[in-house]
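If you want the building blocks of each chain, they are given just below.
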Amino acid sequence: MFLRWVNGLGLLPTEEDTNILLNFSYTVKKTVVSEVVNHMLDPDVSPKILTTPTHVRWVLEVIGQGFTLPIEDVPIMEKCISLYSKWLLSPSELRPPGFNAQDQYFYQRMFFHLSNLFEPRARDDGPASVAGPQNQVKLCKDVLDNIYLVGAQKLSTSVTQETWESWLKLMLGIVDSIFRNKGNSGAVAHSFLIKSLGPPAFRVLCEMWLLSKTENPELWNSFQTLAVSWLIVPTVVHWSSLCYGLTCRTLALLYGKDYGPETVTIDWLIDEKNIVKAFLALPTEYVFFAWHKFLHILPNPNTQVDPEIFRNSMLAISKLVDAYLNTAEQVRKDPKALKKPKTPPSGNTILSIFGRWLFEAVLSDKPGLEEGTSLALATLCRIFTRDRGTFLSVHLASFYSCLEKTLLKDINDKVLSTALLNSRGLFVRELQGSFCLLPHYFHAFSRVWRENGPEPNIRSACIDILATLICFADHYADVKIISRMVAPIVYSDGSTGASPSEPFSRIDNIASLRNHIQFLMSRAIVKEESARNIQRLLWCIVAMLLQLETRGQPMALGNPDLQFAEFIIAEILRRARKSWAADVIMVAFSALSSLTAIYKFFGPNKFETARGIVGALAESALTAMNASINDWEREDHDRMLHRTLITLTDWMMIDPEFTALCDHATYQNLLRALATVMGAIAPTQAPMPGMKPFIPSANTRAAAQYALNNLLYHSGQFPLTVGPHRLSSEVCEEDILAMIIRDSGRQMDMEEAKQFYRHFVLDGNIVLTLIDLPYQKLPTIIIITRDSTGKHVWTSQLRFYEDTDKLNPAPQDPQLNSAPVNPYPVNLDKYDKNVMDQLYTELLNYLPAVWAGRYYESAIAAVTENYIPVEQQFLAERQWGLNKDIKLRIPQPKAPYEGECKFVFSRIWLAHLGLLHPDNFGRLQILEHSRKGFDEALANVDATNEREAFAVGVVLMDKIPQKKFEYLVAEGGPGDYQEFLSAIGWAVNLWEHTGYRGGLVDRKCGDYAPYFANYSTEIIFNVCTWMPSNIYDTADKVIAFKRRILAQNNVTIVWNLLEDYDPSHVTALQKDMVQIVITPLSSGMYHVRVYKDNKPFVMGPLLDSMVLSKRLLGEMVRRTAVLANRMLTMERFPVAPFQQRKSTIESFAASYIRPLAYDDFLMYLFSKKVPEQPGSQSTASSSGIQPTPLVSAMVAAAAGGTAAAPPAAPVQQPPPQQPQNTGQPVFRPMDQIQPMGQPTTQPSGQPAAQPTAATPPPQQPATNPPPSTTNQPTSLQPLVDPSGRQPGSSSPRAPGVRVLPTPGATGQQQTAGGLSQSQGQFQPRPSGGTFPTVNPEQPRVASGLFPQGMESPFVDVSGGGMPVATGPAPAHGMQTSASGGSLNSSGGYPSAGDNSGLSPGMPKRYGTLRSSPSDSQLPVYAAQPSPRGQPAQPGQAQPISQPPQPVQPQPVIAGNPGLPPRPGTPTTTQPTGGAPKVFLPPVIGGPPKAAPTNPAAPAGNTAQPPQEKKGGFASRLFGSKKDDSGKKK
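This section reports on the structure supplied with the text. Since this is a predicted model, take the numbers as computed values, not measurements.

## Observations concerning the nonpolar core
Inference 1: Tyr148, Phe223, Phe294, Leu420 and Phe442 are the most contacted members of the largest nonpolar core, which totals 281 residues.
Inference 2: Setting aside its immediate chain neighbours within four residues, Phe442 contacts Leu466, Leu469, Ile489, Tyr491, Ile507, Leu513, His516, Ile517 and Leu520.
Inference 3: Counting residues in hydrophobic clusters, the runner-up holds 38 residues, among them Met739, Leu762, Tyr897 and Leu1156.

As C-alpha cells, then:
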C-alpha cells in the first residue's frame, strides 16, 4: 500500500495482500482508523499488546488507510503521523514486541504508507482549491523532514541495503509524482504543489541518496532519467548547493583540511532568508563517486529554453569554477605547499570539466538567454585570467572564438558588456595568440563614447583595458597582428582616423595602436561625464605622455604626439574652468603637475606651452577668488584653489630659464593671483548680493606664499650647484667661529670667538645671524638667515675700489705698514749694539769704584767726557733734528677691533640697510643667544624640513614566507629589480649624504640607498635588500630591526616574484600602508597593483592592474609613492613643511626674543653682550652687558679711580610699549626670562647682597676698589636696566633718565676674553641636515675617517694664499656673495666626498660639508705653520690643535692691537712674562718704547690684562714713567 504513481513508474511492485480497507466506505474507514489510532496513542495502552508481527501488520494496515482519507480529516492524519513517528524513531524497547521481530519489513511498510499523503486531492481550480493543498503541503513537509529524513539519518546504520533501495525508489516516485502527477486537481492546485513540495522533496531525496551510499546503476539511471522533468529554479538551486558541497569536500580530500570542510557540508536554501545546513560524513571514495554522478544528474543546461533555469544553471557552474580557482590561488600562496608540492587545479582541468557547457553557451548565443550567456562568458574570462598555467590550444582557440563573436556585438548588448567587464586582465596574462583580439577590442572601444553609449562601469572597464595597452606600442613596436576581423573600426564622428582629418590604417601591427589609443583618449576626455572615469582616464593619459620622456628626443612641430599633448593640456584647462567638479579638477591639476616631466620634449613650443599653462592657472586662481560660492561649496572650492596653486608652483619651477623667458603679462597675472590669495590685494569682483566673499583657508594662503617663496628663492637656480639634496646651507655658526679661532692662531677659545656674532629676528619670522670676520683684507661679515624656505649663508664685503682698476691703487695695509716715512732710517742694530753695550760695560766698571768710595767725581767726569763726543757724533749724523718731516700725513685706517665690542662691520651692514633707523625700529629685535637651550632650539629650527620629506620602503618577495616577515631577510635580487632601484632614485652614500635620510641613521642600515629630490620633495628609499642581514646572529633580530624601519613608512614598494601575491604579508607592517606591487611579466613588461587595507586602491598616476614598460616603471612608481605619502601625511598632519618650519621659527623667536627700547637696542650693538634682563637677580656684568659710565666716571676711571654719583630718583612711568610681533606665538613675559650665568660674587668670593625695592642700593666711596682675585680691571658703573627699572626694583624709570647702581657689584668671574665662564660649551646638534659643534681645541688625529694629519674642514690643503673676490662692485657699497650652502675645498671646506671634518668615531653624514658655487666662496685661509713660527709648505695641512706647549709670547697684528695676528703675519714678540706688545716706530730723541695693547684684546686665558695708568698720551706713547714723588725717571 503506497503511492500509486510509484507503481506506475515501475519502481516498486504491487502487493496483493495489502490495502484491505481499500473498498470499504469512507465512514467505515474513518471510524476504524480513528478508533485504532486513538487506542494506540492512549497513554494507558501499552504497545506490548502487539506481541507478534501479525498483530503489528494488522494495526499498520488499518492506520495506513488514514493517509488516504480526504484532506478534511487532517486531525486523524496528524494522529497517524504521530504514531508512525513514535514507532520509527523511538528506541526498540518502546516499540511493540512484534515490530522488533521484523523491523526491516515494517520500516519499508511505514514509509510506503506515508507516501499516500502525497496523492493529489484537490478537484477544481477555484480559489478554494488552494486551501486543501495548503493543509496537504503542511502534512507532507512534516513527513519529509521529520520522518523520512530524520528516520534515514537515525536508521542509516541499522537498515539493510534492500530497505535503502526501497526507500530511494519510493522517494523517486514521490518527487516525480509531485512534478508530474496532476491527478484530479486543477492546474492551480498542481502548480501550487510543485512550487511548495517539489524543492523540499528533491532536497530530501538527495540527502537520503547520499546517506544510503548507493552505487546501484539502475537507481542512478532512474534518477537521471526522471530528473529531466524536475527542472524548476528551486531544483537547480538545490542541485547547485549539493554539487558545491561535494566539490568543496573533494578539494579538502585532495589538498588537505585547510582547503575545505571535513564532512560534506550542504547549504540548502529553503527560502531567501533561511538556510539549512547538512553535515554528511561519507567515505572518501563515495564522495568522489557522488560528486561526479550528481554533477551530471541534471540535463545539459544548454538544452534549457527557460531563461531563469539557464541562468541558474550557469550560475551554479560559475560557483563551482570559482571554488577550483580559489583553491588554486590558495595552494600557490600556501607556504606548506613548498614542503609537500601539490599541483593546484589548472585551467585545463577546470575546462575539461565545465568547458563544454560554457563554450556551448557562449557560441550558441540563443536569443532571450543573454543572462546565462553572460555568466558563461564571465566564467570563461575568470578561468583564463586567473589561472597561471598554460592552456591547451583547443581551449585557447575556443575562448578566442567566443570573444571574437562577442566583441562584434552591439555596444549595449549585455554579453559584450560582460566581456569588457571581465576581461580587464586578459592582456596581463600574455596568453599565446591574444594579440589577434586587439582589433576586435578596438572595434568595441570605438562605440563606447557615443551619445547613447554604455553605462559608466562599462566605460571604466574600457579605460582599465586601455591602461594595460598603453606601453604596447613602444615595447612591441612593429610586431605583426594576425586577425580574422574584416570590419572597419569606425569612431563616433564617422571618420576612421586619429584625428577628424587623418584616417586610420588597419591595426596590422602593435605600433599602430598608439594613434588609436590617443584618439580614444582625446574622444573620452571630451565626452566622459563620470567623475571616477575622468580621474582614471587622466592618469592613463599621464602614463601615455610620460612615455615621451623615455624616447629622449624633443618633438618637432606637427608631431602627432605633440598635438595630442597640447590638445590634452588645453582640454584639461578648458573643462576645469567650465564643467568639471572640484574633485575632478584636483585630479586634473595633479595630472597636469605630472606632465612637467615632459616639458623639455615639447620642442620649440615648450616656453609658449609653459607660459600658457602658468597664465591659465593664474587666471583660474583669480577666478576662484572672485567667485560667489555658497557655504556648502566653500570647502571643495578651497581645496580646488589649493591644488591650483600647487600645480602653478610646479610649472613655475620646471626650468631655470623660465623666469627669464616669461613675459610681462604672465608675470603680472601670476603675481596678482598670488597676492590676491594671500590677501595683499582685494579681489576685483564683489560677491553677488546675499552671498559672502570667499576667504581662502590658512592652508591655501600658505600655498600661495609657498609659490611666491619658490618664485623668489628658487626659480632660476634650482638645483643648486651642491645638488638637489640641499635647499639650505650646511654652514652653521660654530663652523664660522672655528675659522675665526684658527685664523687667530688659536689665541682665543669658542666663548671668546662668540664676541664676533649676534642673533636677531626680523619681522618675527626670520632669524638673522651676523658674524664679523676679523682676519680679512677687506671688512667682511657672514650673514646667516633662517626662514620658512631654509637656512641661507652669505658673505658680504665692504668695498671702495675694484681690484682690477689700476688707476686706483690699493691703500696701505695698516697691519703691515704702520710706520711714518723717514728719509733717514735708523740703524737699530748699531744703536742698540754699539752704544747700549758700551754704556752697559762702562756702567759695570763704574759701579764697583763708587761702592769702594774711590775717585767718585773723577770717575763721573771721565765717563761724561768720554760720552760727549759720542753724543755729538750721533746728533751730527742726524743734523741735530733740523731735517724733521713736518708734512701732514694721510690718516691711516685704524684697527676696528681695538674696543671691547667686536660686532663692528655687521653693525655697519645693518645701518646701511636702514634697519637701525628709528622708522624701522621694532622690525629687528635681538635674540639672547646666551640663554640656556638657545643652541638646541636653533638646531631644532635647522632640523625642521623646508620641503616634504618621505621614506618609502622597498622589499623583495621572492618566495612564500614560511613565517611572518621572513621576506625581510632577502638579499640581492634579479637584475631588473636592481635596474628598477636605479630608476626610482640615484644611489647615495649614507655616510656622506646630508639630505633627508628617514630612518637610515644606523650602520646596520647599509652603506647606500636610492634617493630622489626636487624643489618640493625629498624621498629616501629604505631598500631591505640593501640592508645587510648579517648584522645580528639570528634572523629574528634582523627581521625585528628591518621591521622597525619599514613600519615608519606610509608606502612600501614590493617587487613580487610569486604567482599569487598576498597583500596581508606587508600590511602586517602597518595597517594604513599603501602597497605598490610590481610583478615582472615574461615579455619584459611589468604588472603593477596598488593596495590599501588589502584591497585594490586607485591613487594615481598608477592605476591598479596597469602594465608598464621598464623605462616608464620607475617614474610612475615614484610619483605614485609621492601622492600616496601626501594623502596619508595630510590626513594625519595637515600642516605643510614650510608652514611647520615657519611656526617653529616663530616659536623659537618668541622664546628667546629680548624687546628693548630704541636707545638700549642701539647700545646693545656697541656693547659686548645682551643687556640685563629686567627683573633679573643678577647684575649687569652677569647678564652680559659691559657697564657704560657717564662722563665723570670715564674721567675718573682714566685717572685710576672710580667716581661715584648719587643715583637718580626713579620716576614712576608705565613700561615701554613692546613692539608688535606679527607671528602667531606670543612673547613670553619678560619676568619669566632668566639669563645664564653664575651668582654674583664679591671679590672675596661671597655672594653679593642683591638690592631690593625696599632697600635701596648703598653708596660706595669714590676710592679704588680692592684688587680683584681674577686680575681684572675695575668694573665701571653700569647703566640702569633697559626697561627702566633699577636692579632689584620693579619701578620703571622716566624716559631718558639713567641711574647708576652701586659700584662693586659686578664680581662675576670672567675670562680674559670678557665672556662669562658659566656659559657652557655648544652641544652637538641632532642629525637630519645639521652638524655638531666643531671644538677647535679637540685634537684631530687620523681615526680612519680622514687622512693622517688632516685638520678640520677649514684647512687650505693647497697651501695657497687668500684670494680676494673680483668683479664689479659699486663704490662705497657692500659686495655680497652667497655661500651656496657651504665652503668648498679650495676655500677651506671639503667636497661632499671628503672625509675631513669628522670627530673620531662619528659617521661622515654628521660632519661632512659640501662644495659651493665657484662664485660664492668664503675667504680662503692658509694652513697653520708647523712648527710654530715656520712658514707652511705648499699643500701641507696641520692638525687642528697642537699638543700642550709652554707659555710663549703671543704675537699681535702690527697696527691692530685689538686682535691676535693671523698665521703668516710678520710679528714681533716680547720676552715671556708680560702681555704681548708691538714695537712702535722709533722717534727722534730717544730709543723706542713699547706701546701697551688693548686690554680687551684676547691674549689667552693665562695672560693678565695690563692696568692703564694716569698720564697723557705723550707719556704713554714714549713710555715715560714717574716715581712716587712725581719726578721723571
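## Notes on the packing of aromatic side chains
Inference 1: One pass over the full model with this rule turns up 48 aromatic pairs.
Inference 2: Taking 5.1 Å as the distance between ring centres and 75° as the angle between the ring planes, the aromatic pair formed by Phe435 and Tyr476 counts as edge-to-face. Taken as a pair, Phe435 in the loop between α17 (414–422) and α18 (438–445) and Tyr476 in helix α20 (residues 472–476) lie far apart in primary sequence, 41 residues in all.
Inference 3: Look at Tyr476 and you get buried, because its relative accessible area is 18%.
Inference 4: Linked through ring pairs, Phe179, Phe202, Trp209, Trp220, Phe223, Trp230, Tyr286, Phe289 and Phe294 together constitute an aromatic cluster.
Inference 5: Above the ring of Tyr1164, the side-chain terminus of Arg758 is found at 4.6 Å from the ring centroid.
Inference 6: If you follow Arg1118 out to its NZ or CZ, it ends over the ring of Phe1012, 4.1 Å from the centre.

## Topic: the layout of surface pockets
Inference 1: In this model, the second largest pocket occupies a volume close to 1,400 Å³.
Inference 2: What lines the second largest pocket is a set of 47 residues, and nearest its centre among them are Thr385, Arg388, Val428, His1087 and Arg1089.
Inference 3: Secondary-structure elements contributing two or more residues to the lining of the second largest pocket are α13 (307–333), α15 (370–386), α17, α19 (456–469), α22 (531–551), β15 (1074–1080) and β16 (1086–1092).
Inference 4: Along the lines of polarity and charge, the residues of the lining of the second largest pocket split into 16 nonpolar, 15 polar and 16 charged.

## Brief notes about the pattern of salt bridges
Inference 1: One pass over the structure, following the stated rule, counts 40 salt bridges.
Inference 2: Counted as one network, the salt bridges with shared partners bring together Arg332, Arg388, Glu1059 and Asp1060.

## Quick word on the packing of helix α3 (residues 53–64) against helix α6 (residues 103–114)
Inference 1: Closest axis-to-axis distance for the α3/α6 pair is 10 Å, and the angle between their directions is 10°. Viewed along their axes, α3 and α6 adopt a mutual orientation that is roughly parallel. Side by side, α3 and α6 meet where Pro53, Val56, Arg57, Leu60 and Gly64 of the first sit next to Tyr105, Phe106, Met110 and His113 of the second.
Inference 2: A breakdown of the residues in the contact of α3 with α6 according to their chemical character gives six nonpolar, two polar and one charged.

## Describing a nonpolar patch on the surface
Inference 1: Taken together, Ile20, Phe24 and Val28 make up a surface patch of nonpolar side chains, about 260 Å² in accessible area.
Inference 2: By the element assignment, Ile20 lies in the loop between α1 (4–8) and α2 (26–41).

## Topic: the pairing of strand β9 (residues 924–927)
Consecutive side chains of a regular strand alternate in pointing toward one face of the sheet and then the other.
Inference 1: Direction of pairing for strand β5 (residues 757–762) relative to β9: antiparallel, over a ladder of four bridges. Across the sheet, the residue bridging to Leu762 is Leu924, located in β9.
Inference 2: Where β9 meets strand β19 (residues 1153–1154), two bridges bridge the pair, whose relative direction is antiparallel. Along β19, the bridge assignment pairs Leu927 with Ile1153.

## Here's the deal with the side chain of Thr1025
Inference 1: Positionally, Thr1025 belongs in the loop between β13 (1017–1023) and α37 (1035–1046).
Inference 2: Side chain to side chain, Thr1025 and Tyr977 meet in a polar contact 2.7 Å long.
Inference 3: What Thr1025 contacts, discounting residues up to four positions off in sequence, is Leu956, Ala970, Glu971, Gly972 and Tyr977.

Each value, and the rule that gives it
- Residues numbered from 1 in each chain as written.
- Predicted model: local features only at pLDDT ≥ 70, side-chain atom pairs only at ≥ 80, totals over all residues.
- Heavy atoms only, no water.
- Core = buried A, V, L, I, M, F, W, Y, C linked by side-chain atoms within 4.5 Å.
- Buried < 20%, exposed > 50% of the residue type's maximum accessible area, 1.4 Å probe, protein only.
- Contact = heavy atoms within 4.5 Å.
- Phe/Tyr/Trp six-rings, centres within 6.5 Å; stacked < 30°, edge-to-face > 60°.
- Helix = DSSP H or I, 4+ residues; strand = E, 2+ residues; numbered from the N terminus.
- Lys NZ or Arg CZ within 6 Å of the ring centre and 35° of its normal.
- 1 Å grid on protein atoms, 1.4 Å probe; cavity = no way out; pocket = protein on both sides within 12 Å on 5 of 7 lines; lining within 4 Å.
- Points joined across faces, edges and corners; volume = space filled by probe spheres on them.
- Nonpolar A, V, L, I, M, F, W, Y, C, P; charged D, E, K, R; others polar.
- Salt bridge = Lys/Arg side-chain N within 4 Å of Asp/Glu carboxyl O.
- Axes fitted to C-alpha atoms, helices over the stretch in contact; angles between N-to-C directions.
- Parallel < 35°, antiparallel > 145°, perpendicular 65-115°, else oblique.
- Patch = residues over 30% accessible without salt bridge, like charges linked within 9 Å, V, L, I, M, F, W, Y side chains within 5 Å.
- Areas by Shrake-Rupley, 256 points an atom, 1.4 Å probe, with all protein chains shown as cover.
- Pairing = 2+ DSSP bridges.
- Polar contact = N/O pair within 3.5 Å; in protein donor to acceptor, adjacent residues only side chain to side chain.

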